[in-house]
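# Residue-level structure breakdown
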Amino acid sequence: MSKELNFKQELTAAFGQPISENPTQAMVEAAYQHHGLDWRYLTIEVAQDGLEAAVAGARAMGFAGFNCTIPHKVKVIEYLDGLGESASLMGAVNCVVQRDGKLIGENTDGKGFVESLKELTNPEGKSVVMFGAGGAARAIGVEVALAGASSITVVNRSVERGEELTQLLNDRVPAEANFVSWDSTFNIPEGTDVVINATSIGLFPDVDARLNFNIDTLTEAMVVADVIPNPPQTNLVKDARAKGCKVIDGLGMLVNQGVIGIRYWTGVDPDPRVMRAALEEIFG
Ligand code: NDP
């Protein structure tokens, strides 16, 4: 019996009843259960015009913090007391932490990605090709640069978004960024160390979609990372494995941003294996 299976059994036993099907909630509460933390992580839908009241409610009820997602990641900043370094650089918050009665906005998406990357390679001095220029790409680009990557090539379909992210990276972080308009099949340049899919290509239900790049330009010396958590086994993940590359799937980033959030809120360093197992129960 595999170790993974043991984890699943442990999880089922720990819960004793079905866990929520919300992936982040299931993942975070699996960690709470595993570490004996008497905490709850709630999934609450907040309408766009209800954000200010929701933040005031979290404050009034003494929440240790919360995650926020699209469409609230930028707007929420108005209602907070301060920002951590990455959130301030990116202008977006996905994790709020109560510190000494103040609500501080952090961005853990990119940090979670870099933790996954560091399990396979040290980002320092690395040459990175990143597909995408949306929220995930922005978070990853900033953190990879802060972790020491020397160059980042942003490859994006929309020129405006691609150029905006490239300029942000050149202006605010210590990496050299350049933009390539993604209007034809892209060849990964020789000497690239890390290739990242930070687009939504491959996300359920479009699971057969493929990035338009020349697969023969991938070499086994490259680390290939995909942000897509559902399904984790994207075509990119499968193709890169077949080419002998080291691969990070989208669950790695999701788990590690959760690890950082739990650490911020509770002070406890949760076991990422328990959290990943909870996600695998859902995503397979
Ligand atoms: P955005 O909508 O902000 O950005 C989407 C990006 O994908 C843009 O660069 C867009 O290009 C590109 N894109 C989408 N479809 C296509 C296509 N058919 N061809 C070429 N480019 C395309 O989304 P986010 O950045 O917030 O999220 C991106 C993905 O990251 C999502 O799938 C999300 O699930 C995942 N994610 C995963 C996390 C994790 O923890 N694993 C955390 C956060 C996000 P253009 O600018 O041209 O429109």
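All chains use their own residue numbering, which begins from 1 and follows the written sequence. Only residues with pLDDT of at least 70 get local features here, since the model is predicted, and only at 80 or more are side-chain atom pairs given and counted; chain-wide, interface and lining totals rely on the full set of residues. Based on all heavy atoms of the structure, the side-chain values leave hydrogens and waters out of the count.

### Observations regarding the overall build of the protein chain
Runs of E in the DSSP output that reach at least two residues are strands. Runs of H or I that reach at least four are helices, and both are numbered from the N terminus. The helix and strand inventory of the protein chain stands at 10 helices and 10 strands. Only C-alpha atoms enter the radius of gyration, while the globule expectation follows 2.2 Å times N to the 0.38, with N the number of residues. A compact globule built from 284 residues should have a C-alpha radius of gyration of about 19 Å, and the protein chain, at 19 Å, falls within 12% of that. Overall size of the protein chain, expressed as C-alpha extent along the three principal axes, is 50 × 50 × 35 Å. Counting all 284 residues of the protein chain, 48% fall into the buried class. For this analysis, residues touch if any pair of their heavy atoms sits within 4.5 Å. A separation of at least 24 residues holds for 64% of the contacts in the protein chain among residues at least 6 apart in sequence. Working convention for charge: Lys and Arg count positive, Asp and Glu count negative, and His plus the chain ends are omitted. By convention, charge coordinates are those of NZ in Lys, CZ in Arg, CG in Asp, or CD in Glu. One finds the centroid of the 23 positive side-chain charges in the protein chain at a distance of 2 Å from the centroid of its 37 negative side-chain charges. The buried label goes to any residue with under 20% of its type's maximum accessible area, the exposed label to any with over 50%, and the partly exposed label to all in between, with areas taken from a 1.4 Å probe on protein chains only.

### Digging into the domain arrangement of the protein chain
You can read the domains of the protein chain as domain 1 (3–109 + 254–283) and domain 2 (110–248). One C-alpha centre belongs to domain 1, the other to domain 2, and the line joining them spans 25 Å. Here's the idea: put two parts together, see how much 1.4 Å probe accessible area each one loses, and the total over both is what we call buried area. Taking both partners together, domain 1 and domain 2 bury about 1400 Å²; carbon and sulfur atoms supply 56% of that area. Take a side-chain nitrogen of Lys or Arg and a carboxyl oxygen of Asp or Glu: if they are within 4 Å of each other, that pair is a salt bridge. The tally of links between domain 1 and domain 2 comes to 1 salt bridge. E115 serves as the salt-bridge partner of R263, at 3.7 Å between the closest nitrogen and oxygen. Polar contact criterion, stated in full: a pair of N or O atoms within 3.5 Å, where within protein one must be able to donate a hydrogen and the other to accept it, and residues adjacent in sequence count only if both atoms are side-chain atoms. Applying the counting rule to domain 1 against domain 2 returns 11 residue pairs in polar contact (both at pLDDT 80 or more). Put simply, the parts of the chain that give the side of domain 1 that touches domain 2 at least two residues each are α4 (85–90) and α9 (250–266). Of all the elements, α9 adds the most residues to the side of domain 1 that touches domain 2, at 6 residues. Residue type decides the class: Asp, Glu, Lys and Arg count as charged, Ala, Val, Leu, Ile, Met, Phe, Trp, Tyr, Cys and Pro as nonpolar, and the leftover types, Gly among them, as polar. Its residues assigned to classes, the side of domain 1 that touches domain 2 comprises 6 nonpolar, 6 polar and 3 charged. The split of the chain into domains comes from an automatic or database domain assignment.

### Details of the pairing of strand β8 (residues 194–197)
Alternating residues of β8 divide into V194 and I196 and V195 and N197, and every residue in both groups is buried. Both strand β5 (residues 127–131) and β8 contribute to a ladder of 4 bridges, which runs parallel. Paired with M130 across the strands is I196, a residue of β8. Being paired, for any two strands, means DSSP has found at least two bridges between them. Of the strand pairs in this sheet, β8 and strand β9 (residues 223–226) are connected by 4 bridges, and their pairing is parallel. Residue N197 lies in a different strand from β9, and its bridge partner there is D226.

### Observations regarding the environment of T121
Tracing the chain through its elements places T121 in the loop between α5 (109–118) and β5. Assessed through its relative accessible area of 15%, T121 is described here as buried. Sequence separation of T121 and G141 is 20 residues, and the distance between their C-alpha atoms is 16 Å. Beyond its immediate chain neighbours, meaning those up to four positions away, T121 contacts K126, V194 and V223.

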